[in-house]
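Report on the structure
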Amino acid sequence: MSKQIIQSDKAPQAIGTYSQAVRVDRTVYLSGQIPLMPETMTIVEGDIGAQITQVFDNLQAVAEAAGGDFSDIVKLNVFLTDLSHFPLVNEIMGRYFQEPYPARAAIGVAALPKAADVEMDAIMVLKPQEYPAC
């Protein structure tokens, strides 16, 4: 098994003992992203829509650093402190993903790091032509 750590300066730096993503063969495990702006490491200002958008932007930066894009995501987990925001997640997700959509779970949680209202993580499988040998 070959394990490669993925790092992007276009996404928030890890704020704990984890990596932004880890690639094993063609599978990439993207760590949870909250709506931190990479430049300031602070939560994006604005409503829940701004937070959801920032999380997708952060995930996208890590996916690209791994050599993939959102069409390679096979599983997406969404954590919300208020599940009534889930329709907005669907709306904004439609700006980033095209059919066929990834498998997905939506989980209501009591709290998230840095008092964020949303966090997402993902699993991505790179297309063979995009996968350089490690």
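Everything quoted here is computed from the prediction, not taken from an experiment. (Residues numbered from 1 in each chain as written. Predicted model: local features only at pLDDT ≥ 70, side-chain atom pairs only at ≥ 80, totals over all residues. Heavy atoms only, no water.)

**Things to note about the overall build of the protein chain**
- In terms of regular secondary structure, the protein chain is built from two helices and eight strands.
- Against the 2.2 N^0.38 benchmark of 14 Å for 134 residues, the protein chain shows a C-alpha radius of gyration of 14 Å, consistent with a compact globule.
- Taken along the three principal axes of its C-alpha coordinates, the protein chain extends 40 × 30 × 20 Å.
- Across the protein chain, the fraction of contacts at a sequence separation of at least 24, relative to all contacts at a separation of at least 6, is 70%.
- For the protein chain, the accessible area works out to roughly 7,000 Å², and carbon and sulfur atoms hold 52% of it.
- Separation between the mean location of the 9 positive side-chain charges and that of the 16 negative ones in the protein chain comes to 7 Å. (Helix = DSSP H or I, 4+ residues; strand = E, 2+ residues; numbered from the N terminus. Rg over C-alpha atoms; globule rule 2.2 N^0.38 Å. Contact = heavy atoms within 4.5 Å. Areas by Shrake-Rupley, 256 points an atom, 1.4 Å probe, with all protein chains shown as cover. Lys, Arg positive; Asp, Glu negative; His and termini not counted. Charge placed at Lys NZ, Arg CZ, Asp CG, Glu CD.)

**Notes on the side chain of E119**
- As for its placement among the helices and strands, E119 is situated in strand β8 (residues 118-125).
- Despite its burial, E119 pairs with no opposite charge, the nearest such side chain being K114 at 12 Å.
- Filtering out sequence-adjacent residues up to four positions away, E119 remains in contact with G32, Q33, I34, N77, V78, F79, L112 and P113. (Buried < 20%, exposed > 50% of the residue type's maximum accessible area, 1.4 Å probe, protein only. Salt bridge = Lys/Arg side-chain N within 4 Å of Asp/Glu carboxyl O.)

**So, helix α2 (residues 86-96)**
- All buried positions along α2 are accounted for by F86, V89, I92 and M93. Buried residues along α2 cover an arc of 120° about the axis, so they all sit on one side. For α2, the exposed residues set more than 90 degrees away from the buried face come down to P87 and R95. (Arc of directions from axis to C-beta.)

**A short note on the packing of helix α1 (residues 48-65) against α2**
- Running from N to C, α1 and α2 point in directions that differ by 40°, and their axes come no closer than 10 Å. Overall, the two elements α1 and α2 adopt an arrangement that is oblique. Taken as a pair, α1 and α2 cross one another with a handedness that is right-handed. Taking contact as the criterion, the partners of I48, G49, I52, T53, F56, D57 and Q60 in α1 are, on α2, L88, V89, I92, M93, R95 and Y96. (Axes fitted to C-alpha atoms, helices over the stretch in contact; angles between N-to-C directions. Parallel < 35°, antiparallel > 145°, perpendicular 65-115°, else oblique. Left-handed = near helix turned anticlockwise from the far one by under 90°.)

**Some words on the environment of I34**
- Tracing the chain through its elements places I34 in the loop between β3 (27-33) and β4 (36-37).
- The exposure class assigned to I34 is buried, which follows from its relative accessible area of 7%.
- When the C-alpha positions of I34 and N58 are compared, they lie 8.1 Å apart, and in sequence the two are 24 residues distant.
- Here I34 is in contact with I43, V55, N58, P113, K114, A116, V118 and E119, once residues within four sequence places are set aside.

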